[in-house]
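Structural overview
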Number of protein chains: 2
Amino acid sequence: MSVTAARGFTAAGVTAGIKASGRPDLALVVNEGPDAHAAGVFTSNKFTAAPVQWSRDAVRNGRLAAVVLNSGGANACTGSAGLADAQKMAEWTGAEVGCAAGDVAVCSTGLIGVRLPMDPVLTGIQLAAQDLAHTGGPSAAEAIRTTDTVAKEAVHTSPDGWTIGGMAKGAGMLAPALATMLVVVTTDAVVPPAELDAALRTATGFTFDRTDSDGCMSTNDTVLLLSSGASGVAPDPAEFSEALTAVCADLARQLLADAEGSAHDIEVRVEGAVTEADALAVARAIARSNLFKCAIFGNDPNWGRVLASAGTVQADYDPEHVDVAFNGVRVFVDGQLGADRSEVSLAAREVLVEVHLHAGDASAAIWTNDLTYDYVKENAEYST
Amino acid sequence: MSVTAARGFTAAGVTAGIKASGRPDLALVVNEGPDAHAAGVFTSNKFTAAPVQWSRDAVRNGRLAAVVLNSGGANACTGSAGLADAQKMAEWTGAEVGCAAGDVAVCSTGLIGVRLPMDPVLTGIQLAAQDLAHTGGPSAAEAIRTTDTVAKEAVHTSPDGWTIGGMAKGAGMLAPALATMLVVVTTDAVVPPAELDAALRTATGFTFDRTDSDGCMSTNDTVLLLSSGASGVAPDPAEFSEALTAVCADLARQLLADAEGSAHDIEVRVEGAVTEADALAVARAIARSNLFKCAIFGNDPNWGRVLASAGTVQADYDPEHVDVAFNGVRVFVDGQLGADRSEVSLAAREVLVEVHLHAGDASAAIWTNDLTYDYVKENAEYST
């Protein structure tokens, strides 16, 4: 049920005609209240897409009444004309659902550098507004797909009577051929905007920010959290934050599992670092090594490439006391050759790479994918 | 003639039996003097290979009498046993050519994490010492090849009577399936060690350091410069530095042209930056974007991916006033859509991507390759 699992939300997904394929391409999510609290996290790319610029302003006051999303075009690097298009999408949506344009967030996904066809967009907003339903979550999740092979949804229901539900597409920092990760999460818990914001930053920091399929940051990445308060229940902040992180982690895993052309999901876990930042930096360097990612595609536990990548980070540890394990088999122990690589099997989709720095107590993980023929194919052929 | 183009040097390349393929795998370069001046630049990877640790110490006093190089094994991440192996290579070479072990640099290339077979290495050093000749440069350049499809050599001859010649293999920061870029440059110019060192750092800073095929830094990268002084001519330092940079640039281009699986050589040139560091950071971010590199493989002038990569760098410029050109066609002008991408042809191997930040007067370029099926294939299958 994704974004309509929580009470107080309607949604719809329709075929507006933005995509040439005739597949669904426009979605609406509307918050019926009583609250219209919201928080958002956006790409840190300097080239922020027009809808991101609009939405970042819209959510600044902690209020959102609706979100309009389209696939089939990212409306990024489209200059002032693109910004006017994003504003029109907010105004048309506000007019249809009865709220101020400034309370509407806009999300777009698709090719960078192409103007949106505004006639189909307007038609789509009108169609979607007519279709809004308390069961519309799955349709909305469908309509934001681009190269996604499946829609991504996650729901957490608290025994205390509140719910968090979300949808995602992506892409994103995962495999952004379409240069976009979009996530909308809704809740009927009673949560003030500042607490929503804190919970969302914590959740994305531990989930989407640590999911790095190809090291490429999008111009359109957006994660929105809306609360209706319709459950009437104000949850314990820690409990709410934990539940939100779980929903985001669930969506992040679904994104990774569907990343373009990937054959393996890889967890790179770094332990024994002096600081969490060191652990993250080492894990990210490994996760971004094309040589490492090609090796995993070839089912090759090439720990030399793990170390060569780790060594590019000037973190505080002694390279002569490092361990590396693939799926639990320690192939490099205390800076010396360990178990033979033939003892490692990488046949399964899930791969765990553990690096122990033996320098401190901090740890962190990055989730990534392998680098495959199909990744190259999809991303060499996408826009031509 | 590579390393024997300059007077005062002998070299040899032989088949020692380190490689299973039976191809040449061991080389010697010997400086006959009168000077034995030298300088070296090495990988900044924390996991420095044993031969790098040895050679860095050996060249510290500005003296080298010989270099022994092997392909077929990188002797990296091999612990204390590997360091002892590198030392033995220097000792054996010193005994054969009649110099102190401390005046012998050692370079190894091949798979990380595998001990070298020391019996063939010893045999190879003895064979090569017998083969040393003033015409041995090409044989030495042959023997350091791994996945290189051709040997790389470059020579500069000054009308003033001195010469610089070099050989390279790689790989390196280019496409290090074998995790190594090795370069040996010799000269018969009379140049004191401190000036050699300064000239070498300038040359590598402008050439190899700006060649970035796949963003992967090796554990074995080594660039050595030896001078015999045999010409008796002490060149103008600026002229020598310029000539050395030209030889290194020539070798760097040859490395890039032969990078594993590549279909395009790409120059990413960033102009109008506030500082050269900003220009380099933006150029490097673009050159490391897998999405951009896949697009070039697909002959797709996808400037959206150029901007998305540029935008990940927090350099000082206004994204609303940026230009992007592919092979001279300005597809994005002053933050707005420019010429249609259909006007760009990427059929040729050489591709020039220009980004103008309109923020200052600094500029810099990075040379890279595209990301292809063959890159994935070579690097997925290499060690299995």
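Counting restarts for each chain: residues are numbered from 1 in the order of the written sequence. As they are written, the chains are lettered A onward and the ligands numbered 1 onward, keeping that order. This being a predicted model, a pLDDT of at least 70 is required before a residue's local features are given, and a value of 80 or more before pairs of side-chain atoms are given or counted; all residues contribute to the totals for chains, interfaces and linings. Excluded from the side-chain calculations are hydrogens and water; all other atoms, namely the structure's heavy atoms, are used.

What to know about the overall build of chain A
This is how it is decided: Segments assigned H or I by DSSP are reported as helices when at least four residues long, segments assigned E as strands when at least two residues long, and all are numbered from the N terminus. Only protein chains enter the accessibility calculation, which uses a 1.4 Å probe. A residue is then buried if its area is under 20% of the maximum for its type, exposed if over 50%, and partly exposed in between. Here a residue-residue contact requires only that any non-hydrogen atoms of the pair lie within 4.5 Å. Computed with a 1.4 Å probe, the accessible areas rest on the Shrake-Rupley method; for each residue, only the protein chains presented here act as cover. For the charge count, each Lys or Arg is scored as positive and each Asp or Glu as negative, with His and the chain ends excluded. Charge coordinates come from a single atom per side chain, which is NZ of Lys, CZ of Arg, CG of Asp or CD of Glu.
Within chain A, the secondary structure is distributed over ten helices and 15 strands. Its C-alpha atoms give chain A principal-axis dimensions of roughly 65 × 50 × 35 Å. Sorting the 384 residues of chain A into buried and exposed places 61% on the buried side. Sequence-distant contacts in chain A: of pairs separated by 6 or more residues, those separated by 24 or more amount to 79%. Total accessible area on chain A stands at roughly 12300 Å², and carbon and sulfur atoms take up 51% of it. In chain A, 24 positive and 47 negative side-chain charges are present, and the distance between their average locations comes to 6 Å.

Focus on the pattern of salt bridges
The cut-off we apply is this: Every case where a carboxyl oxygen of Asp or Glu lies within 4 Å of a side-chain nitrogen of Lys or Arg is listed as a salt bridge.
Applying the stated criterion to the full structure yields 24 salt bridges over all chains. Two residues, arginine 145 of chain B and glutamate 142 of chain B, come together in a salt bridge whose shortest N-O distance is 3.1 Å. Of the residues examined, glutamate 142 of chain B reaches a relative accessible area of 33% and is grouped as partly exposed. A single salt-bridge network, built from bridges that share partners, covers Asp148, Lys152 and Asp258 of chain A.

Overview of the relation of the copies chain B and chain A
Each of the two copies of the chain can be brought onto the other by a rotation about an axis and a shift along it. Using the following cut-off: When the copies are overlaid, the least-squares fit takes in C-alpha atoms only where the residue has pLDDT of at least 70 in both copies.
Mapping chain B onto chain A calls for a screw motion: a turn of 180 degrees about the axis and a shift of 0.0 Å along it, with 0.0 Å RMSD after fitting. Those values place the two copies in the arrangement expected of a two-fold rotation axis. In terms of C-alpha distance to the rotation axis, chain B has tyrosine 373 of chain B as its closest residue, with the C-alpha 2.7 Å off the axis. A share of 100% of the interface residues of chain B reappears at the interface of chain A, consistent with the copies meeting face to face through the same patch.

Considerations on helix α9 (residues 303–310) of chain A
Within α9 of chain A, eight of the eight residues are buried, which leaves the element mostly enclosed by the surrounding structure. Trp303, Gly304, Arg305, Val306, Leu307, Ala308, Ser309 and Ala310 of chain A are the residues of α9 of chain A that are buried.

Observations concerning the interface of chain B and chain A
Note the threshold: Put simply, buried area is how much 1.4 Å-probe accessible surface two parts lose in total, over both of them, once they are put together.
Opposite the 60 residues of chain B that make contact, chain A presents 60 residues. Summed over both partners, the interface of chain B with chain A comes to about 4600 Å²; 60% of that surface belongs to carbon and sulfur atoms. By the criterion of area lost to chain A, the three top residues of chain B are Lys46, Phe47 and Leu291 of chain B, representing 16% of everything that side buries. Where chain B meets chain A, there are zero salt bridges.

Side note on the side chain of aspartate 265 of chain B
You can see aspartate 265 of chain B is positioned in strand β10 (residues 265–273). Those residues in contact with aspartate 265 of chain B, other than ones at most four positions away along the chain, are Leu256, Ala257, Arg349, Glu350, Val351, Thr368 and Asn369 of chain B.

Observations concerning the packing of aromatic side chains
Each aromatic ring pair is characterised by the separation of its centres together with the angle its planes make. Condition: Pairing of aromatic side chains requires ring centres within 6.5 Å, counting the rings of Phe and Tyr and the six-membered ring of Trp. Pairs whose planes differ by under 30 degrees are stacked, by over 60 edge-to-face, and all others tilted. In our convention, an over-ring charge means Lys NZ or Arg CZ found within 6 Å of a ring centre and within 35 degrees of that ring's normal.
Inspection of the entire model under this criterion finds eight aromatic pairs over all chains. Ring centres of phenylalanine 297 of chain B and tyrosine 373 of chain B lie 5.2 Å apart, and the angle between their planes is 85 degrees; on these two criteria the pair is classed as edge-to-face. Remark: tyrosine 373 of chain B occurs in helix α10 (residues 373–381) and phenylalanine 297 of chain B occurs in helix α8 (residues 290–297); sequence separation between them is 76 residues. Overall, tyrosine 373 of chain B belongs to the partly exposed group, its relative accessible area being 27%. We note lysine 46 of chain A situated over the ring of tyrosine 317 of chain B; from NZ or CZ to the ring centre the distance is 4.6 Å.

Quick word on empty space enclosed by the protein
Residue and element names in this part refer to chain A. Rules: In this analysis, the protein atoms alone were mapped onto a 1 Å grid. Cavities are point sets where a 1.4 Å probe fits without being able to get out; pockets are open sets with protein on both sides within 12 Å along at least five of seven lines; lining residues have an atom within 4 Å of a point. Grid points are joined across faces, edges and corners, and a volume is the space filled by probe spheres set on the points.
All told, the structure shown has four cavities of 30 Å³ or more when counted by the stated rule. If you add up the space inside the largest cavity, you get close to 60 Å³. Taken together, twelve residues make up the lining of the largest cavity; nearest its centre are Ser213, Asp214, Asn369, Asp370 and Tyr375.

A closer look at the sheet that holds strand β4 (residues 66–70) of chain B
The strands making up a sheet associate through hydrogen bonds between their backbones, and the pairing can be parallel or antiparallel. Residues and elements named next belong to chain B. How we decide: In this analysis, strands are considered paired if DSSP registers two or more bridges between them. Only the stretch in contact is used when a helix axis is fitted, and all axes are lines through C-alpha atoms; the angle between N-to-C directions ranges over 0 to 180 degrees.
With mixed pairing, four strands are arranged side by side in an open sheet as β1-β2-β4-β5. The open sheet has two free edges, formed respectively by β1 (9–14) and β5 (104–108), since each of these has just one partner strand. Across the sheet, the mean angle from the axis of one strand to that of its neighbour is 10 degrees, orientation sign disregarded. In terms of strand pairing, β4 meets β5 through five bridges, oriented parallel. Its bridge partner being in β5, alanine 66 is matched across the sheet by valine 104. Along the sheet, helix α2 (residues 79–97) contacts β2 (26–31), β4 and β5; its crossing angle with β5, the most-contacted strand, is approximately 130 degrees.

Let's talk about α2 of chain B
Residues and elements named next belong to chain B. This is how it is decided: To estimate the expected span of a helix, count its residues, drop one, and scale the result by 1.5 Å.
Taking 1.5 Å per residue as the helical rise, α2 with its 19 residues ought to reach 27 Å, and the 28 Å between its terminal C-alpha atoms agrees with that figure. Among the residues of α2, those classed as buried are Gly82, Asp85, Ala86, Met89, Ala90, Thr93 and Gly94. For α2, the elements touching its buried residues are β2, α1 (50–58), β4, β5 and α3 (118–131). At the C-terminal side of α2, glycine 98 shows a positive phi close to 80 degrees.

Thoughts on unusual backbone geometry
In this model, glycine 33 of chain A is joined to proline 34 of chain A through a cis peptide bond whose omega is 15 degrees. Even without glycine at this site, asparagine 299 of chain B takes up a positive phi of about 55 degrees. Phi is positive for histidine 358 of chain B, close to 50 degrees, though the residue is something other than glycine. Note that histidine 358 of chain B resides in the loop between β14 (350–356) and β15 (362–369). Overall, histidine 358 of chain B belongs to the partly exposed group, its relative accessible area being 45%.

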